[in-house]
Amino acid sequence: MLNEERTLVRASAAGVNINGSSNVVDADLLATNGVIHAIDEVLLPRDIKVALEIPSLVEVAEEAGNFETLLSLVEEAGLTTTLQFLGPYTAFAPTDEAFANLGVDAGSLSTEELTFILTYHVIADAEIASGDLQAQQTVASAAGEDLYITAGEEGVFVNGNSEVISPDVDAANGIIHVVDNVLLPNAFLNNVQVAQKNYNFTTLVDLIVDADLVETVATTELTVFAPTNDAFEALFAEVDPTSLSAQQIEDILFYHTVMGTILSGDLQTQQTVESTLGEDLYITVNGEVGVNGNSTVVAADIQSTSGVIHAVDNVLLPNELLNTVEVAQKNYNFTTLVSLISDAGLADAVASNEITVFAPTNDAFDALFETVDASSLTGDQIEDILLYHTILGAQVPSTALAPEQTVESGSGESLYITADNGGVVVNGSSNVITADITSGSDGTIHVIDSVLLPNAFQDITAIAQKNYDLSTLVGLLVDFELVETLQGDGPFTVFAPTNAAFEAIESVVAGLTEEQIVDVLTYHVLAANVESGDLQPTQTVEMLNEQEITITVSGGIVTIEDANGDTPEVIVADLIGTNGVIHIIDAVLVPAL
């Protein structure tokens, strides 16, 4: 107003009210320089009200006779003068009985703690009558911490458990609502109590109570990612809560907690933390805090005596309740993989089938795309690469692996998997860095550190290198500096002996000179691309060492006669690469030496 005092104007269906006592009886009388509203009571400045002995908040409380404890504490905290002469304030005033039931010795509180509790009962610069309240509202107290107020047919409640038993007690400098419980700031409450006072967490609290986890959550130092009621409502629109077992609900609740206190300021851009369920949570910070890729922290750092609460807008589900794609989606290390799966139209297939996925990280894809232009890949090629990372129709846990196995991938091409104390390796160079992430849809994910490429993207040396059964051949090619030759444009056809084939002539090889060993190796290479479908019943061809072999096809079996008359058999045909083809044979071709 012109005297620089604030005036509280409330408009409702009942009309317009000024300062809680004066009503507009004739509105909108327009003049050339403004507007007049006629009112039924003179508005008095605060100092005149005091002079006329209209009682202040303190005086009203004194006259009531049931606020002796409150008044004593107000005096002890040095707040009497403030609450008597300043304002306007809305005060939630606990009765003497409320303080008696609190169970806290006020004498043990420091002046700072006492002031914090008392100012938590006050809303500054406002007189809020019970009739002004909505069904739910969050209002900042004079202590700086929120009050959670609900109003309905059952009455007005503050922080869930404190009922307004006598509303709208007017005073010269504010309004009093008498409450039957003392309101405590979060610093005096455990995680469960902090959640209980917030009307946004009623579903979460009910689930904690039903699961008999109140004591655990209240007495253990925990970081709680607390879904709002809206978050649970969205979940239950898709998942019938009655279909969830008690164990599943307990697992969901534990999946929202982490041992210890983690404040938002402690977070890095990305971090994986273990929940008390034992399953990882994936947390990111990019302007806002995200959890598992689809849940955002909407209120952070609500601290209590037993940890901290971060409110989230989606329920976090353990892997057992997710399909394989959803499990991958929540891990920030798989954003590239998930995007490619979606773009290739494979999401439904991966999500709904029993499957094992070897999942390359974002770093793995970044490394690939440094050498391969992603935009140069066709849709079919990307699909082929993705399917090459899958085993369809089976969940293969790491514990089921033998030291060596060759399995058919979803693309129809073989994967070569080895397992020992050093870990699990796929195709000779891709390490499983996290194994056995299982989903609820019969899927298993093994995280790998490099992308697996089908043969169509690799030269013949790379094709040989990924097969553990050709490691002796690969070692000899490296030792005798033939790798670069076979990485050339070609085309080449390589008849590749297995490790067992080389082991069978180990004593012979040991007696050969380096030149003779090179002669043996080049005797397995033809300077042409010859696939099994190109073969005639019989043909004689000259190999890279300028000696001949004779290839025979009979009854669907391909044999090769070498200079000594031996006839190794092709046991795996047509491993086709970018510069040629490999046929695996069961014996070493020996030239004339």
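Worth saying up front: this structure is predicted, and the values here are computed from it rather than measured. (Residues numbered from 1 in each chain as written. Predicted model: local features only at pLDDT ≥ 70, side-chain atom pairs only at ≥ 80, totals over all residues. Heavy atoms only, no water.)

**Thoughts on the overall build of the protein chain**
Counting secondary structure elements, the protein chain contains 22 helices and 32 strands. Against the globule reference of 25 Å for 593 residues, the protein chain gives a C-alpha radius of gyration of 39 Å, more extended than a compact globule. Buried positions account for 45% of the 593 residues belonging to the protein chain. Roughly 28600 Å² of accessible area belongs to the protein chain as shown, and the carbon and sulfur atoms make up 48% of that amount. (Helix = DSSP H or I, 4+ residues; strand = E, 2+ residues; numbered from the N terminus. Rg over C-alpha atoms; globule rule 2.2 N^0.38 Å. Buried < 20%, exposed > 50% of the residue type's maximum accessible area, 1.4 Å probe, protein only. Areas by Shrake-Rupley, 256 points an atom, 1.4 Å probe, with all protein chains shown as cover.)

**Quick look at a nonpolar patch on the surface**
A cluster of nonpolar side chains, namely Met1, Ile39 and Leu43, defines an oily patch on the protein surface of about 270 Å² accessible area. Tracing the chain through its elements places leucine 43 in the loop between β4 (34-39) and α1 (46-51). In this structure leucine 43 comes out as partly exposed when scored by relative accessible area, which is 32%. (Patch = residues over 30% accessible without salt bridge, like charges linked within 9 Å, V, L, I, M, F, W, Y side chains within 5 Å. Salt bridge = Lys/Arg side-chain N within 4 Å of Asp/Glu carboxyl O.)

**Remarks on the sheet that holds strand β28 (residues 538-542)**
On the basis of which strands lie adjacent, the open sheet formed by three strands has the order β28-β29-β30 and antiparallel pairing. A single partner strand is all that each edge strand has here, and the edge strands are β28 and β30 (557-561). With direction set aside, neighbouring strand axes in the sheet form an average angle of 20°. The sheet contact formed by strand β29 (residues 548-554) and β30 spans five bridges and is antiparallel. Considered in β30, the bridge of serine 554 is made with isoleucine 557. (Pairing = 2+ DSSP bridges. Axes fitted to C-alpha atoms, helices over the stretch in contact; angles between N-to-C directions.)

**Re unusual backbone geometry**
A cis geometry characterises the amide bond from glycine 87 onward to proline 88, with omega recorded as 0°. Structurally, proline 88 is set in the loop between α4 (80-85) and β5 (89-94). Residue proline 491 is bonded to the preceding glycine 490 through a cis peptide linkage, with omega at 5°. Assignment of secondary structure puts proline 491 in the loop between α19 (483-486) and β26 (492-497). Phi is positive for glutamate 546, close to 75°, though the residue is something other than glycine. Here glutamate 546 shows up in the loop between β28 and β29. Residue glutamate 546 is classed as exposed on the basis of its relative accessible area of 63%.

**Considering the pairing of strand β14 (residues 270-274)**
Residue alternation in β14 divides its side chains into a buried set, Gln271 and Val273, and an unburied set, Gln270, Thr272 and Glu274. Alignment of β14 against strand β15 (residues 280-285), held across five bridges, turns out to be antiparallel. Along β15, the bridge assignment pairs threonine 272 with tyrosine 282. Where β14 hands over to β15, the hairpin turn is made up of five residues, of which glycine 278 adopts a positive phi near 100°.

**As for the sheet that holds β14**
Neighbouring strands of a sheet are bound in pairs by backbone hydrogen bonds; such pairs are parallel or else antiparallel. Here seven strands make up an open sheet; going across it, the order is β13-β12-β18-β17-β16-β15-β14 and the pairing mixed. In the strand order of this sheet, the two ends are held by β13 (257-259) and β14, each with one partner. With direction set aside, neighbouring strand axes in the sheet form an average angle of 30°. Sheet topology note: the strand β17 (residues 295-304)/strand β18 (residues 307-312) ladder contains five bridges and is antiparallel. Bridging across to β18, valine 297 finds its partner in valine 312.

**Considerations on the side chain of serine 306**
Looking at the secondary structure, you find serine 306 in the loop between β17 and β18. There is a polar contact of 2.8 Å between the side chain of serine 306 and the backbone nitrogen of asparagine 191. Those residues in contact with serine 306 that lie beyond four places of it in its chain are Leu189, Asn190, Asn191, Val217, Ala218, Thr220, Glu221 and Leu222. (Polar contact = N/O pair within 3.5 Å; in protein donor to acceptor, adjacent residues only side chain to side chain. Contact = heavy atoms within 4.5 Å.)

**Some points on the pattern of salt bridges**
With the rule as written, the count across this model stands at three salt bridges. A salt bridge links glutamate 279 to lysine 330, with the nearest nitrogen and oxygen atoms 3.5 Å apart. Pair noted here: glutamate 279 is in the loop between β14 and β15 and lysine 330 is in the loop between α12 (324-329) and α13 (335-343), with a separation of 51 residues, a long-range link. With a shortest N-O distance of 3.7 Å, glutamate 413 and lysine 466 are connected by a salt bridge.

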